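Reading the structure
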Amino acid sequence: MEKRTRRAFISSLFSLAICGMSSALSSLYAGFRERRALKPSLEKGAAKIDQISKPSYLELHKNGELRKRGEELWNVMKSCRLCPRECGANRIEGEEGFCQASSQLEISSYHPHFGEEKSLVGKGGSGTIFFTNCGLRCVFCINWEISQEGQGEPRKIEDLARMMLELQKKGCHNINFVTPTHYSAHIVRAVDMAAQKGLRLPLVYNTCGWERPEILKILDGIVDIYLPDFKYSDGKMAQKYSSGADTYPEITQAALLEMHRQVGVAKPAGDGLMYRGLMIRHLVMPGGVSGAKGVIEWIARNLPKHTYLNIMSQYIPMYKAFQYPEISRKITRKEYDEAVKTAKEAGLTNLDIQGPWFLF
Ligand code: SF4
């Protein structure tokens with residue numbers, strides 16, 4: 001009896017252990033399944049977007065606001081003031097502005113891009129669309145064939161909408177409009193069409209930063225991620241190297257404040273991808289031409305300290321840069337390190353800093 005009792009006791013302990021293990025295993029499995037269900041798919045960019053951050057243009061599409069904003073921007077082209085040149089070309093009647101764009105949309109290429117910031121690229125790439133022409137026209141432009149020599153093809157707005165859907169289907173995590181300013185009216189109209197057909201990806205406005213705040217206000221609620229350059233802190237430099245754009249610093253500062261008001265600080269989601277926010281780029285130029293110190297200190301004084309700032313070291317002389325001896329070289333390690341030091345001393349905490357392998 002005693003033996004039976006001991007055996008029964010041991011056997012019940014064993015059963016309890018098995019039960020415990022199996023219940024622990026099943027709750028572990030349930031937890032795993034739950035986490036898997038919540039984890040957004042990196043392979044299919046659009047698949048889980050709605051769970052994380054639904055792009056706000058979808059609502060504007062549903063209530064007809066997107067169509068109205070497209071019309072509003074279109075009308076600006078009658079005497080064009082889409083960019084700070086405000087050159088007044090009647091693009092609707094076929095005139096070309098300072099940027100060399102008429103109302104005919106021109107696109108150079110579109111594809112998943114893996115060279116952008118990590119949080120935009122993920123595994124599926126950033127769905128970049130490169131627009132032909134540009135209103136800033138820098139002498140050192142790396143994409144000068146596209147921005148200044150007209151490389152690209154005439155396209156319909158429907159084509160642009162189709163490109164976005166194609167990029168989404170390919171698994172890109174966002175639609176990245178490169179040099180969009182002079183075609184903002186076309187873009188908004190195309191987004192309206194693409195949203196109707198199932199576009200769900202966040203929209204990235206990848207710009208030179210020289211944007212009229214009045215035009216940005218029309219894009220409020222449409223753009224999810226602003227990706228502007230802040231190229232110069234000194235208007236004289238902008239005048240010299242960017243076709244007389246001496247208003248660059250003040251206008252860009254006002255634009256950055258407006259962008260920040262709309263989308264706030266950029267913070268990646270749990271899956272490491274960016275869905276919303278302001279991401280600023282500064283390209284350090286040789287000989288202090290870009291005024292890195294002024295740019296960085298302005299950001300630190302006027303925007304939250306955790307504002308995303310990519311300090312870029314990859315300047316290489318291109319296009320007409322060789323006509324200017326002071327910018328016809330790469331930057332030195334010392335020039336780059338000084339910019340980074342300035343940013344740290346200014347208290348900026350969300351820095352994207354490139355390694356020395358980018359230099360020389
Ligand atoms: S977008 Fe082009 S046409 Fe319009 S104001 Fe700027 S330079 Fe002129």
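Rules and cut-offs
Residues numbered from 1 in each chain as written. Predicted model: local features only at pLDDT ≥ 70, side-chain atom pairs only at ≥ 80, totals over all residues. Pairing = 2+ DSSP bridges. Helix = DSSP H or I, 4+ residues; strand = E, 2+ residues; numbered from the N terminus. Expected span 1.5 Å × (residues − 1). Buried ≥ 20, exposed ≤ 12 C-beta atoms within 10 Å, placed from the backbone. Arc of directions from axis to C-beta. Core = buried A, V, L, I, M, F, W, Y, C linked by C-beta atoms within 7 Å. Contact = placed C-beta atoms within 7 Å. Near = placed C-beta within 6 Å. Nonpolar A, V, L, I, M, F, W, Y, C, P; charged D, E, K, R; others polar. Axes fitted to C-alpha atoms, helices over the stretch in contact; angles between N-to-C directions. Parallel < 35°, antiparallel > 145°, perpendicular 65-115°, else oblique. Left-handed = near helix turned anticlockwise from the far one by under 90°. pLDDT = per-residue confidence, 0-100.

**Here's the deal with the sheet that holds strand β7 (residues 277–283)**
An order of β3-β1-β2-β4-β5-β6-β7-β8-β9 is seen for the 9 strands of this open sheet, with the pairing classed as mixed. Looking at strand neighbours, the two that pair on one side only are β3 (153–154) and β9 (351–353), the edges of this open sheet. Bridge count for β7 against strand β8 (residues 308–312) is 5 bridges, and the pairing is parallel. Looking across to β8, one finds that M279 is bridged to Y308.

**Here's the deal with helix α4 (residues 65–76)**
Over its 12 residues, α4 extends 17 Å from the first C-alpha to the last, a length consistent with the 16 Å expected when each residue adds 1.5 Å. Those residues of α4 not exposed but buried are L66, R69, G70 and L73. Projected down its long axis, α4 shows its buried positions confined to an angular sector of 105°, all on one face. Seen from the open side of α4, the exposed residues pointing more than 90 degrees away from its buried face are E71 and N75.

**Quick look at the nonpolar core**
One finds M164, V191 and V284 to be the most contacted residues of the largest nonpolar core, which totals 101 residues. No other element matches the 8 residues that helix α8 (residues 184–196) contributes to this core. Ignoring sequence-local partners within four residues, the contact set of V191 consists of Y57, L66, L199, L203 and I222.

**Section: the site of the ligand**
Neighbouring residues of the ligand: 15 residues in total, closest C80, C83, C87, G97 and C99. In the shell around the ligand, the residues fall into 8 nonpolar, 3 polar and 4 charged.

**So, unusual backbone geometry**
For residues other than glycine, phi is negative in most cases, and the peptide bonds are mostly trans. A positive phi angle, near 50°, is found at S243, a position not held by glycine. Among the residues examined, S243 registers 16 C-beta atoms within 10 Å and is labelled partly exposed. Even without being glycine, Y319 reaches a positive phi, approximately 55°. In this fold, Y319 is placed in the loop between β8 and α13 (333–345).

**With respect to the packing of helix α12 (residues 292–302) against α13**
For the pair α12 and α13, interaxial distance at closest approach is 9 Å and the crossing angle is 20°. The orientation of α12 with respect to α13, classified from their angle, is roughly parallel. Seen from above, α12 lies across α13 with right-handed handedness. Where α12 approaches α13, its residues A292, K293 and I296 are matched on the opposing element by A339, T342 and A343. Looking at the contact of α12 with α13, its residues break down into 4 nonpolar, 1 polar and 1 charged.

**Things to note about the confidence of the model for the protein**
In the predicted model, the protein carries a mean pLDDT of 89, and 84% of its residues have values of at least 70. Under a pLDDT of 50 for its full length, residues 1–43 has, in the predicted model, 14 contacts with residues more than four places off or in other chains.

**Overview of helix α7 (residues 157–169)**
For α7, which comprises 13 residues, the first-to-last C-alpha distance of 19 Å matches the rise-based estimate of 18 Å (1.5 Å per residue) to within 8%. Of the residues making up α7, those classed as buried are I157, L160, A161, M163, M164, L165, L167 and Q168. Of the surrounding elements, those touching the buried residues of α7 are β1 (106–113), β2 (126–131), β4 (175–178) and α8.

**Things to note about the pairing of β7**
Across the 7 residues of β7, 7 count as buried, placing the element largely inside the fold. The alternating pattern of β7 places G277, M279, R281 and L283 on one face and L278, I280 and H282 on the opposite face, and all of these are buried. Pairing between strand β6 (residues 225–228) and β7: 2 bridges, direction parallel. When the bridges of β7 are listed, I225 appears paired with G277.

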